[in-house]
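Letter by letter, the chains look like this.
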Amino acid sequence: MQEKDASPRAIQSNRWRVVILGIGLVLAGLLALPGRTVTTKYVNDLFVFLDGAHRIAVGQLPNVDFHTPLGPLTFYIPAAGYGLSGSMGGAMPAGMAMVVVLLAIVAAEIIGSRMRKVLGLPLAIFLLLIVAAPANPGERIGELTFAMFYNRLGWASLGLLLVMYLPRLPGARSSKAVDAACASFLVLLMLYTKITYGVVELAFLVFMLFDRRQIGWVALALVIVGVSILMIEVVWRGGFHYLADLRLSGQNSGGFPTLTALGHVARNNFADLLVFLMVAAIVLNLTTSYRHLLFIGFCGAAGILLIEQNFQRIGILTLGASAAIITESLCRAGLPSRHWKARLALPLLVGFLLLPAAVSNAASLAIHTYCAAEGRGKPIPLPAFSEIRLVEMWSAGQYEYFEGYNRTLADASAALSRLSTETERVAVLDFVNPFSAGLRLIPPVGDSVWYHWGRTLGPDYHPAPEQMFVDIDLILDPKWPIEIWTGNGMRDVYAHYIARHYQMVAQTADWRIYRRKAP
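Residues numbered from 1 in each chain as written. Predicted model: local features only at pLDDT ≥ 70, side-chain atom pairs only at ≥ 80, totals over all residues. Heavy atoms only, no water.

Asker: How should I be thinking about the pairing of strand β6 (residues 502-507) in this particular structure?
Answerer: A regular strand places its side chains so that they alternate between the two faces of the sheet. Here 5 bridges tie β6 to strand β7 (residues 511-516), and the two strands are oriented antiparallel to one another. Considered in β7, the bridge of A506 is made with I513. Hairpin connection between β6 and β7: a loop of 3 residues separates the two successive antiparallel strands. (Pairing = 2+ DSSP bridges. Helix = DSSP H or I, 4+ residues; strand = E, 2+ residues; numbered from the N terminus.)

And the structure:
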């Protein structure tokens, strides 16, 4: 009799998981199949990932051959997309599409075994759209960009891991190994993409150790994470360099957030925080659970701390996920008919947290798919970037700003061609160097893919010039940097070294170009 009762539940569970996986495949196809990248802003950020992908394609290792405070997966994802699509224009869409599929597989297992469709399906769509949409969270529809995609991965990964707060549904087969594999995958993904999310996810696993019902898979997941880190280090040998790059970034970007900064976050996200607190109050009033209280506090605090260190004003994306999770927990306990107001209010409140972001991300993905398929916009004026299109949307000033940046790239490209630089390595005194990847040049060794004044370098803490320029033949000094504080800061910090070891060989309307002096 037990087998007969379990069989229909297992079939229903499998169908439910197939639905989630199917949604992931559709989103991945919409992202990758056009084979182009469309962007409206943060073009310089996009070049950071493409420069890293180009370096990996020629055999370099992140944090070993080039420096970055971002994890190596930040560059292996676009590198994998570059290998799959065969073009720089398809690198980010194809790379992110692969991640969407992987997260859809994990979501199918985690959400499909722990949540019912009425709450699980909206949450799965919400989380997968965060990853699939080429848009920075909290910004307007149509502001297309792959910049800071690691934050979108972090929000979605953390949201999926939080679902594991719920024990498996009674009809779902228990599998400690599968749960541990899913959890460790999510943690490792973020430890090697953006470490702040990985640290929060590790803290959540430690919190879950106090749940006697689930301690088995949690302990196994922590063991898998530890063993995996050791194995990765044996192959990569960049772990200590990664920590050193993170330390340098920490020295420049400051310590813990101030109360004033946290207050700005709370004010900007007041509506979402208020709705989240309403959900929490209803659930705690009806269930009175200290574990729920700690979980709610963890999700709210982690979300506020994460968004404060992001380049993001609104959109604490842990709130919607955790609201859906605690609502699912309450529904499992069973609500008496006298609590009909809670039955009505909770889905509406959870929908308020999930629906706006899901609609915005779906619209941005649709716009990107349409523009990419139609070939709209102006191509970036570097040969390898011809399938990356700058499109004019309704953001005032953005298109003109980056169109001016493109003009300076074309000017530098023409100047480099006159200097016959096919075998020379190039550096740029600015936020990013787009020329190694864009002109298919040999990338230098020992420099960084990303310079940001006050974040990755500053007047007191910065890479030594002997390290940065050891493999540099040509230095491009922009007259109009894309990030003016970075351009001016680098020029001041490294002026004496450049004057001693380089001489100006060309000057254009937008650039000064220096070549290393003969020994």
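Text resumes after the structure shown.
Asker: For this particular structure, what's the right way to read the nonpolar core?
Answerer: The nonpolar side chains of a soluble globular protein tend to be buried with one another. I111, L123, F385 and F435 are the most contacted members of the largest nonpolar core, which totals 142 residues. With residues up to four places along the chain from it excluded, the contact list for F385 reads F47, L50, M88, I380, P434, A437 and G438. In this structure, A427, L457, I472 and Y494 belong to the second largest nonpolar core, which totals 14 residues. (Core = buried A, V, L, I, M, F, W, Y, C linked by side-chain atoms within 4.5 Å. Buried < 20%, exposed > 50% of the residue type's maximum accessible area, 1.4 Å probe, protein only. Contact = heavy atoms within 4.5 Å.)

Asker: Got a minute to help me understand empty space enclosed by the protein in this structure?
Answerer: It is a probe the size of a water molecule, rolled over the atoms, that shows where empty space is left. Tallied over the entire structure, the rule returns 1 cavity of 30 Å³ or more. In this structure, the largest cavity occupies an estimated 70 Å³ of space. Lining of the largest cavity is provided by R55, A427, V428, L429, N433, D447, S448, Y451, M468, F469, I472 and M490. Per-class residue counts for the lining of the largest cavity are 8 nonpolar, 2 polar and 2 charged. (1 Å grid on protein atoms, 1.4 Å probe; cavity = no way out; pocket = protein on both sides within 12 Å on 5 of 7 lines; lining within 4 Å. Points joined across faces, edges and corners; volume = space filled by probe spheres on them. Nonpolar A, V, L, I, M, F, W, Y, C, P; charged D, E, K, R; others polar.)

Asker: Help me out: how do you make sense of the layout of surface pockets in this one?
Answerer: Roughly 1,400 Å³ of volume is contained in the largest pocket. Lining the largest pocket are 42 residues, and of these K194, S253, Q309, N310 and R455 lie nearest its centre. Of all the secondary structure elements, the ones that give two or more residues to the lining of the largest pocket are α2 (43-57), α6 (149-163), α8 (195-208), α10 (239-253), α13 (290-308) and α16 (398-418). By residue class, the composition of the lining of the largest pocket is 24 nonpolar, 12 polar and 6 charged.

Asker: I keep staring at the sheet that holds strand β2 (residues 378-379) and nothing clicks. Help me out?
Answerer: Strand pairing in a sheet relies on backbone hydrogen bonds. The paired strands run either parallel or antiparallel. An order of β1-β3-β2 is seen for the 3 strands of this open sheet, with the pairing classed as mixed. Taken across any chain shown, the strands that pair with only one partner, and hence form the sheet edges, are β1 (37-39) and β2. Where β1 and strand β3 (residues 388-390) come together, 3 bridges link them in parallel fashion. Bridging from a neighbouring strand, V38 pairs with R389 of β3.

Asker: Help me understand the packing of helix α11 (residues 259-268) against α13 in this model?
Answerer: Two numbers describe a pair of packed helices, the interaxial angle and the distance between the axes. Across the interface, α11 lies against α13 with an axial gap of 10 Å and an inter-helix angle of 105°. Relative to α13, the element α11 is oriented roughly perpendicular. Counting all contacts with α11, which are made through A261, L262 and V265, the residues of α13 involved are I304, L305, I307 and E308. Here the residues of the contact of α11 with α13 are counted per class, giving 6 nonpolar, no polar and 1 charged. (Axes fitted to C-alpha atoms, helices over the stretch in contact; angles between N-to-C directions. Parallel < 35°, antiparallel > 145°, perpendicular 65-115°, else oblique.)

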